[in-house]
Amino acid sequence: MRDSVNKGKPGDLDLEKYKPVSGSHDYIEDLSRVGTNESQRWLNVGIDVSENNRAATFIQKDNSVVYSCAKTEGLEMMSIGDALKKHDWLEGYMWQLLSPDKDQFTSRSNQMPYNGYFIHSAPGAKITRPIQSCLYMAEEGSIQNIHNIIIAEEDSEMHIITGCASAHHGMSGLHLGVSEFYVKKGAVVHFTMIHDWGEKADVRPRTAVHVEEGGVIVSNYISLHPVGSLEMYPKTILDGEGAVARFNSILVATNDSWLDVGSRVLLNEPGTRAEIISRGITAGGTIIARGEMVGKVAGCKGHLECKGLILNEGLMHAIPELKGYVPGVDMSHEAAVGKIDQREIEYLMARGLDEDEAVSTIVRGFLSVNIEGLPPALAAEIDRAVTETQEDMM
Amino acid sequence: MLQIEDLVVKIGDKTILDRINMEIPEGETHILFGPNGSGKTSLMMTIMGFSGYTVAGGRILFKGEDITHMPVHERARMGIGVSFQRPPTIAGLKTKDMVTLCSRGRELDIEELADRVNFTQFLDRDVNHNFSGGEIKRSELLQLMAQQPELVLLDEPESGVDLENIVLLGDIVNMLLERGVKCPRSLTPNPHRKRRTKSALVITHTGHILDYITADRGQVLHNGHLCCVKNAREILKWIREYGYEECVRCEIV
């Protein structure tokens, strides 16, 4: 039997194994001239080089920003380096939600040269077309070091797609990402992240989100392909009355993939609401699905749902946690881990589906979390990815 | 159409159906009466081939072919369809997609079919998720309309259905079995239409469904034994008058 703490335990990851990125990549003047290999890898994680129906595009390859273009009023998107030169106030947002001392990864991120994106919506700007950003690793055995800042000013609205991938599946490397998101009064941020790293990649994003009164963060995380080891546990602070956080994750762990993924929400004000929904399938890999809600005031409300399917022997470890400090918090959780119910398979077979068709229909349904506010094209993309993945697993 | 010969079925070590013989000729609808726990649903599950029901003796023939050990989906594809009493919820599978799956590539106007069973507002809901008893029935019949089986097995079609909907439900069953007086709109009723080929076995505990559908024959199942074959309405009168115990005694004596 597998032990979740034995393999890829984050604290044990040896940073010396990786070298800093050696060179840099040229800026891409014309996205349509990117090779089909690369553009296909990007498309797999939701990044469309035709920039059809996109409000802005940012692409970072290793530590070089190779493309950055915002063509929408009320929206700024650029490299964090350029942004720090442009706005002297931006320094005040760096390392505010996360501390460099948090762990060896944040401390390394702080010491090493970095890049990353800066996304900023003007007050009241409703940016309906998705903003896309791609973080791409191409140099074997290197560390990609990133610091991202998103600031949604009051009453603005943004839909962001972040696709993260490596140049090919056999590549090893370490992705370090520090992300700090600021959702101000009444602002709405939809953030969808799709990962496709590969069997040897180690991934350690560190994310924190601050939401003010009436603000909304909806975060969708999708990882359907093999990854060496991945650990992320973003923290969201609901710091104003009526602030809302919704986190969905869809995880598939094949072979020796190791995923430790969760969401943590602090409900600090009355009327704050949180929902964490996680769907995981292990087909030979490890999934640790965490969720934590901390209710500190009366009148906050949260629900945590964590469901896991075991198709092949692996590990599905659900850890839902609720912490209530005062009377009047209303939090609940629901966790279930198991195999596909034989009754469901036979029900579909009684309608004429053979056993394989029945199982894949159930798996597809299981993974199709209804992700609110997703652009239809991306929803179709995810649906396609899910279908392909479940075909691979069978 | 369906022929059951000396069928013995066990769940674990326990015999739940003992030497059942039954024949449903093409075009006929038979009613299977029986008190709770008599083995009615088990018989239906065995005909469909569900796991957990072990055939310890006898055989089941469908259209002349021995299907006793055939996988569930092959029986379905041969033309057997079931309306379940308590089907499982399949999370993330929308009812309309389920109906499409049932049609197995046949062309289908799902909206129109759903409209006939007054179910259009449920098409985008996960199949059976938080459906009431009556909603489950309509969902099951909608799926059967798409599947178009030749032999329909209905498990307690009237249970949990309110009076208003039971008429509608009876109409749908009759339509499914080519027994309806009402025809799909745009078609005029034709009493001289082609010979009926659809057969059915309808399981009922109360018999109320007989007020809404017509049947050729009735049988009573009691403690795993099939003990009476008669006109369905006649049986129902006996059961209503004297109860199941008395009805069974008549057969034994």
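Below, the structure is looked at part by part.

The rules behind each value
- Residues numbered from 1 in each chain as written.
- Chains lettered and ligands numbered in written order.
- Predicted model: local features only at pLDDT ≥ 70, side-chain atom pairs only at ≥ 80, totals over all residues.
- Heavy atoms only, no water.
- Helix = DSSP H or I, 4+ residues; strand = E, 2+ residues; numbered from the N terminus.
- Areas by Shrake-Rupley, 256 points an atom, 1.4 Å probe, with all protein chains shown as cover.
- Lys, Arg positive; Asp, Glu negative; His and termini not counted.
- Charge placed at Lys NZ, Arg CZ, Asp CG, Glu CD.
- Pairing = 2+ DSSP bridges.
- Contact = heavy atoms within 4.5 Å.
- Axes fitted to C-alpha atoms, helices over the stretch in contact; angles between N-to-C directions.
- Left-handed = near helix turned anticlockwise from the far one by under 90°.
- Nonpolar A, V, L, I, M, F, W, Y, C, P; charged D, E, K, R; others polar.
- Expected span 1.5 Å × (residues − 1).
- Buried < 20%, exposed > 50% of the residue type's maximum accessible area, 1.4 Å probe, protein only.
- Phe/Tyr/Trp six-rings, centres within 6.5 Å; stacked < 30°, edge-to-face > 60°.
- Lys NZ or Arg CZ within 6 Å of the ring centre and 35° of its normal.
- Core = buried A, V, L, I, M, F, W, Y, C linked by side-chain atoms within 4.5 Å.
- Domains from an automatic or database assignment.

### Structural notes on the overall build of chain A
Then step 1. When you go through chain A residue by residue, the secondary structure sums to 6 helices and 21 strands.
Then step 2. In terms of its C-alpha atoms, chain A occupies a principal-axis envelope of roughly 65 × 55 × 40 Å.
Then step 3. Accessible surface, chain A: about 15100 Å² in total, of which carbon and sulfur atoms supply 47%.
Then step 4. With 36 positive and 56 negative side-chain charges, chain A shows a spacing of 2 Å between the two charge centroids.

### Overview of the sheet that holds strand 1 (residues 2-11) of chain B
Residues and elements named next belong to chain B.
Then step 1. If you walk across this open sheet you meet the 4 strands as 2-1-4-5, and the pairing is antiparallel. Either end of the sheet is taken by a strand with one partner, and the two such strands are strand 2 (14-24) and strand 5 (65-66).
Then step 2. Pairing of strand 1 with strand 2 involves 7 bridges; the strand directions are antiparallel. In the sheet register, Gln 3 faces strand 2, and the bridge partner there is Glu 23.
Then step 3. Contacts from helix 1 (residues 40-48) reach strand 1, strand 2 and strand 4 (54-62), with the element oriented near 110° to strand 1.

### Side note on the side chain of Gln 60 of chain A
Then step 1. Mapped onto the elements of the fold, Gln 60 of chain A is located in strand 2 (residues 56-61).
Then step 2. Setting aside anything within four residues of it in sequence, one finds Gln 60 of chain A in contact with Val 65, Val 66, Asn 115, Gly 116, Cys 134, Leu 135, Tyr 136, Gln 144, Asn 145 and Ile 146 of chain A.

### Regarding the packing of helix 3 (residues 95-103) of chain B against helix 5 (residues 133-147) of chain B
All names here are of chain B.
Then step 1. At a minimum axis distance of 7 Å, the contact between helix 3 and helix 5 shows a crossing angle of 35°. Helix 3 and helix 5 meet at a crossing whose hand is right-handed. Between helix 3 and helix 5, the residues in contact are Met 98, Val 99, Cys 102 and Ser 103 and Leu 142, Gln 143, Ala 146 and Gln 147, respectively.
Then step 2. Each residue belonging to the contact of helix 3 with helix 5 can be placed in one class, and the counts come to 5 nonpolar, 3 polar and no charged.

### Comments concerning the sheet that holds strand 3 (residues 29-33) of chain B
Residue and element names in this part refer to chain B.
Then step 1. On the basis of which strands lie adjacent, the open sheet formed by 6 strands has the order 6-7-8-3-9-10 and mixed pairing. Strands at the two margins of the open sheet, each flanked by one partner only, are strand 6 (80-83) and strand 10 (225-230). Averaged over all adjacent pairs, the angle separating strand axes in this sheet is 20°, with direction ignored.

### Thoughts on helix 5 of chain B
Residue and element names in this part refer to chain B.
Then step 1. Counted at 1.5 Å a residue, the expected span for helix 5 with its 15 residues is 21 Å, and the 21 Å between its end C-alpha atoms agrees.
Then step 2. Within helix 5, 14 of the 15 residues are buried, which leaves the element mostly enclosed by the surrounding structure.
Then step 3. Gln 148 lies just past helix 5 and shows a positive phi near 50°.

### Examining the packing of aromatic side chains
Residue and element names in this part refer to chain A.
Then step 1. Using the criterion set out here, one finds 12 aromatic pairs over all chains in the structure.
Then step 2. For the pair Tyr 27 and Tyr 67, a centre-to-centre distance of 6.2 Å together with 20° between the ring planes defines the contact as stacked. Highlighted residues: Tyr 27 in the loop between strand 1 (19-20) and helix 1 (36-44) and Tyr 67 in strand 3 (residues 64-70), separated in sequence by 40 residues.
Then step 3. Classification of Tyr 27 as partly exposed rests on a relative accessible area of 39%.
Then step 4. Ring centres 4.8 Å apart and planes at 80° place the aromatic pair Tyr 93 and Tyr 182 in the edge-to-face group. Of this pair, Tyr 93 sits in the loop between helix 2 (80-86) and helix 3 (104-111) while Tyr 182 sits in strand 9 (residues 173-183); the two residues are 89 residues apart in sequence, bridging distant segments of the chain.
Then step 5. Of the residues examined, Tyr 93 reaches a relative accessible area of 17% and is grouped as buried.
Then step 6. Taken together, the ring pairs connect Trp 89, Tyr 93, Phe 118 and Tyr 182 into an aromatic cluster.
Then step 7. Across the ring face of Tyr 233, the terminal group of Arg 264 is positioned such that the distance to the ring centre comes to 4.2 Å.
Then step 8. Looking at Arg 290, its charged tip hangs above the ring of Tyr 233, at a distance of 5.9 Å from the centre.

### So, the nonpolar core
Then step 1. Trp 42 of chain A together with Ile 4 and Leu 43 of chain B are the most contacted members of the largest nonpolar core, which totals 71 residues.
Then step 2. Tallying contributions element by element places helix 5 (residues 355-367) of chain A first for this core, with 6 residues.
Then step 3. Each of two domains, domain 1 (10-340) and domain 2 (341-394) of chain A, supplies a minimum of three residues to this core.
Then step 4. If sequence neighbours within four positions are ignored, Trp 42 of chain A has contacts with Ile 28, Leu 31, Val 34, Ile 47, Val 49, Ile 59, Cys 134 and Tyr 136 of chain A.
Then step 5. If you look at the next biggest cluster of nonpolar residues, it comprises 56 residues, including Val 65, Phe 181, Val 227 and Leu 267 of chain A.

### Points about the side chain of Ser 179 of chain A
Then step 1. In this structure, Ser 179 of chain A sits in strand 9.
Then step 2. When neighbours within four sequence positions are excluded, Ser 179 of chain A is seen to be in contact with Leu 98, Asn 148, Arg 206, Thr 207 and Ala 208 of chain A.

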